[in-house]
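Per-entry structural report
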Amino acid sequence: MSEATSTIVSSERDTPLAVPRHVAVIMDGNGRWARERGLPRREGHRAGAESVRTAVESCQKLGIDYLTLYAFSSENWKRPPAETAALMQLLERFLQQKTPELKERNVRLQAIGNLERLPAASRQRLEDSIEQTASNSGLRLILALSYGAREELCHAMQEIARSVEAGRMRPDEIDLETIAAHLYTCDCPDPDLLIRTSGEMRISNFLLWQISYSEIVVTKRLWPDFRESDFQEAVLEYGRRQRRYGGL
Ligand code: FPP
């Protein structure tokens, strides 16, 4: 479990509120945003990619250390090929255009998910951006791509079973830390705050292990409309919560 690292002052109460160390976001509503405007769905995704930039800036202003964005789920492969191709192209363009800015802003890019399923060009671009930002010490921006939490857990179980089979570990030595250490997220703290946009009350196979004690904020705002003020409001809401982790 992670601890909040800093505080912000709520204008309503003039008291310091905790700032989450790690924020995870289910970016939802791109398609509805486009439909409301009579635009093709890909235009919603394009506008959504701009909100990613806003989210990065908001995190940096608030002193948040980790931002994990659910950019493409393992289930999203079921969408029509034209839409998955448009999303992959958008990812490539985003990485190409924004990597210099990420470097300038001292952001370190990482990715989690079954990256082997990504088209070769997207994967190459991703690996390149990850490498270019690897020594940055500021915000950690983690893109969940071709990501599914059940698959992640399944992969972890297989790895652990291999260790047992090879005699490196006994079954009764498997504990919570063992499992956490075999997840894609092994080198970052659990999310303190999970934000979902567009009003849907679902987790959608996102970070099932890691969000056990995350505070959840669901906003009706569609992701392409999600601005700095919305991010701040979610963080303030987090600050008002009492985290007890099952205790008193
Ligand atoms: C959900 O909206 C969003 C996605 C499946 C993709 C998220 C992608 C982006 C925000 C843009 C690309 C990101 C990067 C990092 C370049 P939806 O299509 O399910 O919306 P709907 O529920 O309104 O149809």
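What this report covers is the structure whose coordinates are included nearby. Just so it is clear, the structure is predicted and the values come from calculations on it, not from any experiment.

**Digging into the pattern of salt bridges**
Per the stated rule, a full pass over the model turns up 28 salt bridges. Among the ionic pairs, Glu159 bridges to Arg162, the shortest N-O distance being 2.9 Å. With Glu159 and Arg162 both in helix H5 (residues 149-165), this residue pair falls three residues apart, about one helical turn. As a salt-bridge pair, Glu215 and Arg241 come within 2.9 Å of each other at their nearest N and O atoms. Of the two residues, Glu215 is situated in strand S8 (residues 215-218) and Arg241 in the segment after helix H7 (228-240); the sequence distance between them amounts to 26 residues. A relative accessible area of 26% places Arg241 in the partly exposed class. One network of salt bridges, with partners in common, ties together Asp192, Glu215, Glu233, Glu237, Arg240, Arg241 and Arg243.

**Quick word on the environment of Asp65**
Relative to the helices and strands, Asp65 resides in the loop between helix H2 (41-62) and strand S4 (66-73). Considered as a pair, Asp65 and Lys220 are 155 residues apart in the sequence and their alpha carbons are 25 Å apart.

**Describing the state of the cysteines**
Working definition: the covalent bond between the sulfur atoms of two cysteines is a disulfide. With the rule as written, the count across this model stands at zero disulfides. Not engaged in a disulfide, the cysteine Cys186 finds its nearest cysteine sulfur in Cys188; these two sulfurs lie 8.1 Å apart. Judged by its relative accessible area of 47%, Cys186 is partly exposed.

**Considering the pairing of strand S3 (residues 22-26)**
The buried fraction of S3 is high, at five of five residues. With burial as the criterion, each face of S3 is covered, one bearing His22, Ala24 and Ile26 and the other bearing Val23 and Val25. Two elements, S3 and S4, share five bridges in a ladder whose sense is parallel. Each residue of the ladder has a partner; that of His22, found in S4, is Tyr66.

**Some words on the pairing of strand S5 (residues 108-112)**
The element S5 is largely enclosed, with a buried count of four among its five residues. Across five bridges, the pairing between S5 and strand S6 (residues 140-147) is parallel. Following the sheet pairing, Ile112 is matched in S6 by Ala144. For the handedness criterion, the β-α-β arrangement of S5, helix H4 (residues 120-132) and S6 is classed as left-handed.

**Topic: the site of the ligand**
Inspection of the region around the ligand gives 18 residues, with Asp28, Gly31, Arg32, Arg41 and Arg79 positioned closest. Contacts to the ligand include Gly31, whose backbone N or O atom sits 3.0 Å from an oxygen atom. In the model, an oxygen atom of the ligand is placed 2.8 Å from a nitrogen or oxygen of the Arg41 side chain. Given that more than half its atoms are within 2 Å of the pocket grid, the ligand belongs to the largest pocket.

Cut-off values and rules
Throughout, a residue's number is its position along its own chain's written sequence, starting from 1. For this predicted model, a pLDDT threshold of at least 70 governs which residues receive local features, and a threshold of 80 or more governs which side-chain atom pairs are given and counted, while totals over whole chains, interfaces and linings are taken from all residues. Water and hydrogen atoms play no part in the side-chain values, which are based on all heavy atoms of the structure. Salt bridges are counted wherever a side-chain nitrogen of Lys or Arg sits within 4 Å of a carboxyl oxygen of Asp or Glu. Only DSSP runs of H or I reaching four residues or more are called helices, and only runs of E reaching two or more are called strands; each is numbered from the N terminus. Type-normalised accessible area, obtained with a 1.4 Å probe on protein chains alone, sets the label of each residue: buried when under 20%, exposed when over 50%, and partly exposed for intermediate values. The rule for a disulfide is simple: a pair of cysteine sulfur atoms within 2.5 Å. Pairing between strands is defined by DSSP: at least two bridges between the two strands are required. Looking down the strands as they point away from you, a crossover is right-handed if its path from the first strand over the helix to the second goes clockwise. Whether a residue is near a molecule or strand is decided by its heavy atoms; if any one of them lies within 4 Å of it, the residue is near. Between N or O atoms, a polar contact is any pair within 3.5 Å; within protein, one atom must be a potential hydrogen donor and the other a potential acceptor, and residues adjacent in sequence are included only when both atoms are from side chains. Of the grid points, spaced at 1 Å and generated over the protein atoms alone, those admitting a 1.4 Å probe that cannot get out make up cavities, while open sets with protein on both sides within 12 Å along at least five of seven lines make up pockets; any residue with an atom within 4 Å of a point is treated as lining. Assignment to a cavity or pocket requires that more than half of a molecule's atoms be within 2 Å of the site's grid points.

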